[in-house]
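Each chain is listed here by its residues.
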Amino acid sequence: MLTKTGKECWEEFVQTVEDCCSATEFQNWIAPIKALHHEGAEVHLEVPNIFVQEYLLENFKEHLANFLPTKPSGDLAVNFSVAAPKKKAAPKSQPALIDDEKSNPLFNPQYTFENFIEGPSNQFVKSATLGIATRPGKSYNPLFIHGGVGLGKTHLLHAIGHYVKSHHKRLKVHCITTESFINELVHHLRNKSTEKMKRFYRGLDVLLVDDIQFLQSRLNFEEEFCNMFEALINQNKQIVITSDKPPGELKLSERMVARMEWGLVANIGIPDLETRVAILQDKAEKKGVKIPQRVAFFIAERIFNNVRQLEGALNKLAAYSKMMSLDVTEEIVESTLSELFQKAPNKRVSVDNILKSVAVMFGVKVSDICGSSRAKSVAFPRQVAMYLAKEMINDSLIKLAASFGGKTHSTLLHAWKKISQQIGQDEMLRRQIQMARRNLET
Ligand code: ADP
Ligand code: MG
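It is worth spelling out the nonpolar core at this point. I160, L208, V240, L280 and I299 are the most contacted members of the largest nonpolar core, which totals 58 residues. Residues contacting I299, with those up to four places away along its chain left out, are L280, A313, V333 and L337. By size, the runner-up hydrophobic cluster in this structure holds 23 residues, among which are V358, F404, L412 and W416.

As far as domains go, the protein holds domain 1 (6–86), domain 2 (98–267), domain 3 (273–340) and domain 4 (351–441). Contacts between the two partners involve 9 residues from domain 2, matched on the other side by 8 residues from domain 4. Of all the elements in the fold, those that place two or more residues in the side of domain 2 that touches domain 4 are α6 (123–134) and β8 (264–267).

Here the focus is the site of ligand 1. Taken together, 16 residues sit near ligand 1, with G152, K153, T154, H155 and V307 positioned nearest. Only α7 (153–167) and α14 (307–323) provide two or more residues apiece to the shell around ligand 1. Among the residues forming the shell around ligand 1, the class breakdown is 7 nonpolar, 6 polar and 3 charged. For the shell around ligand 1, the domains that each give at least three residues are domain 2 (98–267) and domain 3 (273–340).

In this model helix α1 (residues 6–20) runs 22 Å from its N-terminal to its C-terminal C-alpha over 15 residues, within 8% of the 21 Å that 1.5 Å per residue would give. Every buried residue of α1 is listed here: G6, C9, W10 and F13. Along the axis of α1, the buried positions cluster into a sector of 95 degrees, meaning they face one direction only. Exposed and facing more than 90 degrees away from the buried side of α1 are Q15 and D19.

The rules behind these values
- Residues numbered from 1 in each chain as written.
- Chains lettered and ligands numbered in written order.
- Predicted model: local features only at pLDDT ≥ 70, side-chain atom pairs only at ≥ 80, totals over all residues.
- Core = buried A, V, L, I, M, F, W, Y, C linked by C-beta atoms within 7 Å.
- Buried ≥ 20, exposed ≤ 12 C-beta atoms within 10 Å, placed from the backbone.
- Contact = placed C-beta atoms within 7 Å.
- Domains from an automatic or database assignment.
- Helix = DSSP H or I, 4+ residues; strand = E, 2+ residues; numbered from the N terminus.
- Near = placed C-beta within 6 Å.
- Nonpolar A, V, L, I, M, F, W, Y, C, P; charged D, E, K, R; others polar.
- Expected span 1.5 Å × (residues − 1).
- Arc of directions from axis to C-beta.

Below is the structure:
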């Protein structure tokens, strides 16, 4: 029987992995690894540095186990050696260098404050970012923005960048994704030029860091990042960080979490129906596509938790209607976009369930929530319950409001707006509501 050599096993692994990771990830972490010719069943890999080895073992554990031989103990039969430093690194696999970016900061030209549509779910973050852009280093520092995918975190980060560049021409502003920060660091470690990198970062006035969640479980880099972070904050330099989770839920050291909670933590939420319609119409207008109001509502009712998907839908629709020279109607939307439509939220949730759950949460009686007392101890739980009802139940506001002991739809709307805004500023409340939602959905 012909058994594969270690090198062949490695090559099969590389082919599979190339298909399932991003081009940047592949270029930076997999392509630099070389399988050496080796007698016997073991795989001998040459890595440019220890970080590449760590990255491989941490992130591709399962794939490795599927492709590479194992020892009787169950451990992978792999040997690593670190390559002797080369004079010149291959130009293609180099991460973007800070020097290139210095002269050409990579801000998406569309991501400006003017192009950002406001609604109750993002008003607070929008004003916090605008405040920072106007007076960098003089208000909250750092600003930590968290929220789900496609809700405008990167957009606002770049908006700060644009604003600072045009209004404070002397300030040095730099935006970086956490992934490229790590790549840069690896590059400088490899070339023994970390001092140069430190100098560059410490000379900045505004540092914008996107997607800090990628720093999780990367201890070596975390410490480096934390040092740089402290050096900047101590000099009153502005830092803004985005993340898909609040600081406390990130798997980072206590020191790092504490630093990120130093300033202001703000949540960016899912935009409500009216805001989604406004976003759609604004983007459609910029693309020169006409979408009747009715059709915009039709789309926004069906794509509700991610602005990026809303944009994707619009692009698809625009391409289709241009190609076919057709006006945009509900029928066309239905036939071109139906696979993008999301399922309506859980139908089983009822106002009754919400009332019971909120009553327990705040230690009040359901009859009090449905009553007319304006005492804060009852009025606040009532507003929370109304917020949850509007968020979780697909029914008319009039009907929902009536289930609260015959309140009006404007009372419900007011409660919903108030709580939506408060969630952006109050981490405790956000968590409480998230928990209530989870309990109700299961
Ligand atoms: P995130 O970084 O939170 O995943 P992005 O900032 O990349 O999301 O936003 C996804 C897309 O949605 C971008 O094209 C952005 O311009 C758009 N977008 C998100 N929120 C808004 C908004 N409030 N107004 C206009 N466009 C928005
Ligand atoms: Mg983003």
